[in-house]
Number of protein chains: 2
Amino acid sequence: MYLERISSPADVQALDASLLPSLCAEIRRAIVDSSAAAGGHVGSNLAVVELTVALHRVFNSPVDKIVFDVSHQSYAHKMLTGRAAAYLDPARAGEVSGFSNPAESPHDLFSVGHTSTSVSLACGLAKARDLAGDTYNVVAVIGDGSLSGGLAFEGLDNLAELGSGVIVIVNDNGWSIAEDHGGIYASLAELRRTAGTSERNVFRDMGLDYRFLADGHDVAALVETFSELRGTDHPVVLHVCTVKGRGYEPAEANPEAWHHPKPFDVATGLPRAAAGAPGYDEITGSHLLERMAADPKLVAISAATPYIMGFTPARRAAAGRQFVDVGIAEEHAVTFATGLAMAGAHPVLGIYGTFLQRAYDELWHDLCLNGAPATLLVFGGSVFGANDATHLGFFDIPMLAALPALTYLAPVCREEYLAMLDWSLGYTDGPVAIRVPAHGVVSRLDLAPAAGEDFARPRYQVVRSGSDVALLALGTFFELGERVADALARVGIRVTLVNPRSASDLDEACLDELACSHRVVVTLEDGALAGGWGERVAAYLGSRDVRVRCFGLDKSFPNRVPADELLAACGITVPAIVSDVEALLR
Amino acid sequence: MYLERISSPADVQALDASLLPSLCAEIRRAIVDSSAAAGGHVGSNLAVVELTVALHRVFNSPVDKIVFDVSHQSYAHKMLTGRAAAYLDPARAGEVSGFSNPAESPHDLFSVGHTSTSVSLACGLAKARDLAGDTYNVVAVIGDGSLSGGLAFEGLDNLAELGSGVIVIVNDNGWSIAEDHGGIYASLAELRRTAGTSERNVFRDMGLDYRFLADGHDVAALVETFSELRGTDHPVVLHVCTVKGRGYEPAEANPEAWHHPKPFDVATGLPRAAAGAPGYDEITGSHLLERMAADPKLVAISAATPYIMGFTPARRAAAGRQFVDVGIAEEHAVTFATGLAMAGAHPVLGIYGTFLQRAYDELWHDLCLNGAPATLLVFGGSVFGANDATHLGFFDIPMLAALPALTYLAPVCREEYLAMLDWSLGYTDGPVAIRVPAHGVVSRLDLAPAAGEDFARPRYQVVRSGSDVALLALGTFFELGERVADALARVGIRVTLVNPRSASDLDEACLDELACSHRVVVTLEDGALAGGWGERVAAYLGSRDVRVRCFGLDKSFPNRVPADELLAACGITVPAIVSDVEALLR
């Protein structure tokens, strides 16, 4: 096995050229096997095996700088830069993350997990190089739908003006997570069809040099082309055609399902775990599809992640023109939704909170300033979501709850979620965002809102009544609140337990009452404390004779810290909270 | 005069065609005269006079939907939709804002003041139209550098796929606020040079139909072209060449200076008021230029507003390759800065806080997550900045202070500002943002930081010591804090006055001491309260035996409310604060 003997790019460079295809086969096998064991980005990584081997054969990383866009295609890169054992030995899998990470290796230049940043980062590297009089190569590898993100365009536009030596490899596999969307991909398809000779060339139009390579799995051709481009004194785009999932039949046959599969059986491609009960994806997709059938003005929107809201290919087909996937273009998704809402349609945008960050200004300046009646379903907003530092979901409350005119609701259970969703579809006074619970589906008939509940004016739901401590437990932390309440009751402390429902607005009347009748108010928040909801409660009660203690996550970028560990580090465990409350009551 | 008799687009349509040039001349005169009296967007509005007359001649607003990008070129539109008096009668100038505003007129479809949103909004309008089975026209007018914003690209990319009837008018005057930047503008220039016939056509490449009109000041030609495009069943880009400042010689000669002049003398083009003392623009530009001469790795970056940081054409020339204007591309600016910083250069990005919103995710995911040592100079972050709802600057603290790893400093005076700026240039542990005071330049030697002060660990500066109330007065509100302290002292209340310096981090040791030795802590914050700095102080002190009262701005979108009025409405006046404090001490 050659891969085991590769400890740095120098070993790739020393290998006899005739052995490179064997090395590629080993890498491919390691991608499939390691992902089969633990899940992973199968399709995108299989597509760039030869490309990555050729990169490290020709360029001298880390002196030469290689930036992987999104970096969910960096497994081969990691294997060739001293981290192969993590993919070959299941016991060592935990040594690498799924994304590039400077803490892991000097070959990983940036922490990257969001899309479309590589060209701008490369521009910065090249400009710094030029100012310092250095001569290293700068290479950006972009693909998997990232070209439709506006930042990628801004980067290319500025790269043309910078005029400096940068190689942009457009890894064109024809797919985003689902199929590609937008005019730029029609343009790429035309270039593929014409082997790069079409006059319709968006890169040349912007002033960038352009090269085409038809077979991105021909490692010798890649090495030759990279060798020609090495040392370029001007920006050049190399358009390389690859196959998503290349070399693993199930992944080639269904790229969307194989974008990031859960653990699977290599021989059959079938998932190892049986499908569980329907999650909020299924619940959302089936509910919206029913509502759409009754209301032709209801439009579901996704920015390249339709599955998170249950819009499988079958549901997309059923929704027809009432479903729009805008591709990786979160900014457009929000401003497009604003236009729809202001013209009388009702858009429902389902999106991960961490990616919604890309549209912060569009939320502020388009959606909220115009009071557009749209529904945002925010997924993954929780410590129980993704735990890669690049994808942390628990910064959504500081981001969204500070926006004027936006109602941000945090349901606890399925019943509350659907009631809020249905209410939002009929609400016309402004945008509503709903924090889809990220801790599994919980059914709680006892928490179900009354029929006709108006969520625009938050009314806290008092679930238990006491007199010493009022526990305000928001959204997915309501269950923690119940456990804390039980534990406090066991030590004789009389607890009021509240489901606040809203992360953006306070029920001041309820807070006034609680402040009068309790000695301590505690907020529990499944989100970052700084700038969040609990601090607002504390400020509101600051002039009252009641002590307030806010629990939430620290303002930091923990990387791959398990939720329980992170919570414990932030003092969010039942014993720690009980002990804090006891101290406050003393 | 014809303009006085135009009360709606129907009047434009009823006018004899031969009179349209006279109407245009009157509009042009009204733009110059009204801007001479009160300041305004002269250049962009003069460029679209004929274009706007032709739009309202051919399309039937508001049934047909016209969206002006940025909307700083909507003066003629306002004049033709019932609001001419505001431009003709100085006494009525206050009736209109400088931007489109649905509260003013049904012809203004959206509140718009940021760039590059029009195509996405138009996509939403068109999609809603199609779902409802309507047939109205949808027109987006985009220009003035807005095409380089990534959102505009996302919009065009998706418009090509939407395939629906939308007319995008690219108003190509060759300028942003300063000169255009980026490859897309080289492409437009090539199309101008070839009268639209070049094969290099970025619009066609993306699958959009394309038309070219050489003379955007020929109203008859515009009317004819619009008539041909009316009712289009597919997306079409109309590329129209205009001259920024057209018809007013000083503006044509120097478009950058005439983007938004202060009141001026029409005959000479000279400003009416003498230039005042140097502001923070001049102070910043001259200071950075000095530092650059000594440090070739220092790079100043602007996103199309170089003047706010004092980078006049002369200073840009002097800075040479150490100054980069990326054009309207705030996202790229931040990610580019990240690349620069991680490769050993030190970028200084000067930007309005309201426009920095466009780069929220790039701040979070690129700059902060990577701990990139860059300096951000945030301008206009204050109630004393712009007061159009579209440009409110006081949401910067909730946006920036919640970002992990970012140090956000709020200097009070010139001495503190320069000390913080210099410190940031040598700081290598992460990004630093500085809230440039927006209330005029104040020199305060008594507040000057000690030499070598380390701003990474905030130490509150205790300026006066008392024992009843501790006033924490941040940044531009420090002066208010002094006035409140004086007033409290006059009624016998012993006041501690603190300059907190940092909006992102707490000096917990100082807060602990203040909580022990005072009965009341007051925070004064020139920014939105929700998610801001004061709430964090309140939460930190929530479990202490001290009352906390936070003063700041409500979470809302006040439009053109003078600062004093807005402050009074939020309870931020010296008497109101004194009265609140007295009540808390009772």
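Conventions adopted
- Residues numbered from 1 in each chain as written.
- Chains lettered and ligands numbered in written order.
- Predicted model: local features only at pLDDT ≥ 70, side-chain atom pairs only at ≥ 80, totals over all residues.
- Helix = DSSP H or I, 4+ residues; strand = E, 2+ residues; numbered from the N terminus.
- Buried ≥ 20, exposed ≤ 12 C-beta atoms within 10 Å, placed from the backbone.
- Least-squares fit on C-alpha atoms with pLDDT ≥ 70 in both.
- Contact = placed C-beta atoms within 7 Å.
- Domains from an automatic or database assignment.
- Nonpolar A, V, L, I, M, F, W, Y, C, P; charged D, E, K, R; others polar.
- Pairing = 2+ DSSP bridges.
- Axes fitted to C-alpha atoms, helices over the stretch in contact; angles between N-to-C directions.

1. Comments concerning unusual backbone geometry
Part 1 of the reasoning: For the peptide bond that leads from Ser61(A) to Pro62(A), omega is 5 degrees, which places it in the cis range.
Part 2 of the reasoning: Looking at the element boundaries, Pro62(A) is found in the loop between helix H4 (49–58) and strand E1 (65–68).
Part 3 of the reasoning: In the Ramachandran plot, Ser71(B) falls in the positive-phi region, its phi being about 65 degrees despite a non-glycine side chain.
Part 4 of the reasoning: Mapped onto the elements, Ser71(B) comes out in the loop between strand E1 (65–68) and helix H5 (75–83).

2. Comments concerning H4(A)
Part 1 of the reasoning: Burial within H4(A) is extensive, with 10 of its 10 residues counted as buried.
Part 2 of the reasoning: Every buried residue of H4(A) is listed here: Val49(A), Glu50(A), Leu51(A), Thr52(A), Val53(A), Ala54(A), Leu55(A), His56(A), Arg57(A) and Val58(A).

3. Some details on the relation of the copies chain A and chain B
Part 1 of the reasoning: Overlaying chain A on chain B yields an RMSD of 0.0 Å, the required transformation being a rotation through 180 degrees with an accompanying axial translation of 0.0 Å. Look at the turn and shift together and you get a two-fold axis relating the two.
Part 2 of the reasoning: Mapped onto chain B, 100% of the interface residues of chain A are again interface residues, and the two copies thus contact each other with one and the same surface.

4. Quick look at the domain arrangement of chain A
A common way to state how big an interface is: give the accessible area lost once the parts meet.
Part 1 of the reasoning: You can read the domains of chain A as domain 1 (3–250), domain 2 (280–447) and domain 3 (461–585).
Part 2 of the reasoning: For domain 1 of chain A and domain 3 of chain A, the distance between their C-alpha centroids amounts to 46 Å.

5. Some words on the interface of chain A and chain B
Part 1 of the reasoning: At the junction of the two partners, chain A supplies 94 residues and chain B supplies 94 residues.
Part 2 of the reasoning: Elements represented by at least two residues in the side of chain A that touches chain B include exactly helix H7 (118–132), helix H8 (150–162), helix H9 (183–193), helix H10 (202–205), helix H15 (330–342), helix H17 (360–368), helix H22 (533–540) and strand E16 (547–553) of chain A.
Part 3 of the reasoning: Looking at the side of chain A that touches chain B element by element, the count peaks at 11 residues for H7(A).
Part 4 of the reasoning: Of the residues that constitute the side of chain A that touches chain B, the class distribution is 45 nonpolar, 29 polar and 20 charged.

6. Overview of the sheet that holds strand E4 (residues 209–213) of chain B
Residue and element names in this part refer to chain B.
Part 1 of the reasoning: Taken in spatial order, the five strands make up an open sheet running E1-E2-E3-E5-E4, and their pairing is parallel. The outermost strands of the open sheet, each flanked by one partner alone, are E1 and E4. When strand polarity is set aside, the average angle formed by the axes of neighbouring strands in this sheet is 20 degrees.
Part 2 of the reasoning: Inspection of the sheet shows E1 paired to strand E2 (residues 138–143) by four bridges, in the parallel sense. Bridge pairing links Val67 to Ala140 in E2.
Part 3 of the reasoning: Contacts between helix H7 (residues 118–132) and the sheet are confined to E1, E2 and strand E3 (167–172), with E2 contributing the most and set at about 175 degrees to the helix.

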